[in-house]
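Per-entry structural report
So the chains spell out like this:
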Amino acid sequence: MSDNKVILNYDGKSFEYPIVESTIGDRGIDISKLRDQTGLITLDLGYKNTGATISNITYLDGDNGELYYRGYPIEQIAEKSSFTEVMYLLLNDDLPTTEQFAGFEKGIKQYNFVADEMKRLIDVFPRSAHPMGVLSALTSALIAFNPKAVDVRSKEDMDHAAEMLIAKFSHLCAWTYRKKMGLSINHGDDSLNYVENFYKMCFRRPNQEFHLDSTVVNALDKLLILHADHEQNCSTSTVRMVGSAHTGLFASVSAGISALWGPLHGGANQAVIEMLEMIEKDGGDVAKYVEKAKNKDDDFRLMGFGHRVYKNFDPRARIIKKAADDIFAALGIEDKALDIALQLEKVALEDEYFIERKLYPNVDFYSGIIYRALGIPTEMFTVMFALGRLPGWISQWKEMRLHNDPIGRPRQVYQGATKRDYVDMSAR
Ligand code: SDX
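Residues numbered from 1 in each chain as written. Predicted model: local features only at pLDDT ≥ 70, side-chain atom pairs only at ≥ 80, totals over all residues. Heavy atoms only, no water.

Comments concerning the pattern of salt bridges
Condition: Criterion for a salt bridge: a side-chain nitrogen of Lys or Arg within 4 Å of a carboxyl oxygen of Asp or Glu. Secondary structure elements are defined from DSSP: runs of H or I of at least 4 residues count as helices, runs of E of at least 2 residues count as strands, and each element is numbered from the N terminus. Throughout, exposure labels follow a simple rule: accessible area from a 1.4 Å probe, protein chains only, divided by the maximum for the residue type, with under 20% read as buried, over 50% as exposed, and the rest as partly exposed.
Following the criterion strictly, the structure yields 20 salt bridges and no others. Residues aspartate 93 and arginine 70 are paired through a salt bridge, measuring 3.6 Å at the closest nitrogen-oxygen approach. Remark: arginine 70 occurs in the loop between β5 (66-69) and β6 (72-73) and aspartate 93 occurs in the loop between α3 (83-91) and α4 (98-109); sequence separation between them is 23 residues. On the basis of relative accessible area, arginine 70 is assigned to the buried category, the value being 17%. Salt-bridge contacts for arginine 372 lead to glutamate 277; the nearest nitrogen and oxygen are separated by 2.7 Å. Of this pair, arginine 372 sits in helix α17 (residues 363-373) while glutamate 277 sits in helix α12 (residues 268-281), placing them 95 residues apart in sequence.

Printed below as a string of structure tokens:
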């Protein structure tokens, strides 16, 4: 039986701190009284050893490469569920009954449109604008047209705002795609399910009969499921931090989009494809790039490799890799980038540097290859990640508010100048 407290000996005294139990995974030391009792704070750059909250939503075992949404293994969810059902699961405590699912879908469809004025907003962006910057701005702008969704104080208000944001966000994501392609925007179609509707808003051409390719829609649905939530990652922690000031849901998610954009986080799926294309253009010498990634004097990193928590294969990468094989076979696609990715994976996983640091392919390593096969441009890959992560951001934001988490305000270890008097410029 493990101890239920820890003892800190400091300055000739002993201090006890209780352990917060978990159902699975890390137990935590409750240090809420540490500073009052010892005058000390903790320092943990990047919060590698620090829990920011108590959560019931998603759990991942980084050592064994396992991921659970509300206790359900990602492999079973990816095979048997749908993105809409996963959205319900993350936002509530369990999988929906038939009636609950129908009510949830109906709740989303009532908002399956976006105010006409928003179209004028997207028109002012240059076609060259990065879709993630456009998406973040449009998400913030949604507040102006949905003020009630800003100040959510009750669970009912939160569920209403969630349904509204889920419905409208898929339009904004599709619109950023149409803007990038120089195409007019499409409206939603209530006769379709969520992912079919998104697919049609993206790919329906004004001059052609629209055909829903079920192979593509199923692949999109699976990819969105795999990106839906992932504990307290950088963008989710951003959404929680902004929401902890009681900022509205839409503005909190807009901040999360900007965090996800970073190439060390969700932006890695775009960086992976750019890296694979660079290797291909440079003659396909993967060993050369593995050596570059190992060289401390070279800031090149193997994008799509490594993870703050997974020290084993990211289970999502395994599922996506299999899905890539299936979709390529179904669509009869050959992609040099996939060949290079497979070679890169083989060389890296046999290299001592990567083995020693437990660097494995993560969710971003293969996702871009599939998105490209589905006809999605590289700069849209992180928008696809954002659409998938939306239910995770919302469910974590909702949990933070329902648990009444305090406003986030970390402390620091100061190493700057000590107190000194102002000196007039003439005397400097
Ligand atoms: C996502 O947190 C989440 O859950 C995120 C995510 C989600 O679903 O929300 O899973 C999505 O963001 C996946 C990660 C996508 N990012 C990338 O693929 C970018 C490339 N990866 C790295 O930048 C890095 O691995 C991170 C940012 C993902 C993790 O960085 P850490 O945990 O801070 O690790 P570190 O930088 O301290 O690296 C430890 C060692 C270092 O070497 P040493 O100083 O010990 O000699 O590993 C090396 C690093 O140099 N290293 C790499 C490497 N990643 C780490 N070396 C070469 N190539 C890499 N990709």
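Describing the UniProt feature "active site" (unreviewed entry) in the chain
This is how the line gets drawn: UniProt positions are given in the numbering used here, feature names are shortened, and annotations may be inferred rather than shown by experiment. Polar contacts here mean pairs of N or O atoms no more than 3.5 Å apart (in protein, one a potential hydrogen donor and the other a potential acceptor; neighbouring residues in sequence count only if both atoms are side-chain atoms).
Residues annotated by UniProt as "active site" (unreviewed entry) correspond here to His307 and Asp364. Spanning 58 residues, the named residues nonetheless gather at one spot, since no C-alpha pair among them exceeds 10.4 Å. Assignment of secondary structure puts histidine 307 in the loop between α13 (286-294) and α14 (315-331). A polar contact is formed between the side chain of histidine 307 and the backbone nitrogen of tyrosine 310, at a distance of 3.1 Å. Topologically, aspartate 364 is positioned in helix α17.

Considerations on the domain arrangement of the chain
Heads up, the rule is: Either an automatic procedure or a domain database provided the assignment from which the domain bounds are taken.
Assigned domains within the chain: domain 1 (5-51) and domain 2 (54-406). A C-alpha centroid distance of 34 Å is found between domain 1 and domain 2.

Quick word on the sheet that holds strand β1 (residues 5-10)
Whenever strands of a sheet pair, they do so through backbone hydrogen bonds, lying parallel or antiparallel. Heads up, the rule is: Any two strands are treated as partners once DSSP identifies two or more bridges connecting them.
Within the open sheet, the 3 strands sit side by side as β1-β2-β3. Their pairing is antiparallel. If you trace the sheet from one side to the other, it starts and ends with β1 and β3 (28-29), each paired once. Pairing between strand β2 (residues 13-20) and β3: 2 bridges, direction antiparallel. Bridged to valine 20 within β3 is glycine 28.

A look at the site of the ligand
The condition that has to hold: We call a residue near a molecule or strand as soon as one heavy atom of that residue lies within 4 Å of the molecule or strand. Every accessible area reported is derived by Shrake-Rupley at a probe size of 1.4 Å, with residue values counting cover from the shown protein chains alone. Classes in brief: Ala, Val, Leu, Ile, Met, Phe, Trp, Tyr, Cys and Pro nonpolar; Asp, Glu, Lys and Arg charged; the others, Gly included, polar.
With respect to spatial proximity, 25 residues lie near the ligand, and among them His230, Gly304, His307, Arg316 and Arg389 are the closest. Separating an oxygen atom of the ligand from a side-chain N or O atom of lysine 48 is a distance of 3.0 Å. Within the side chain of lysine 296, a nitrogen or oxygen atom sits 3.1 Å from an oxygen atom of the ligand. Across the complex, the protein chains shield 79% of the 1,100 Å² of accessible surface that the ligand would expose by itself. Of the residues belonging to the shell around the ligand, the class tally is 10 nonpolar, 7 polar and 8 charged.

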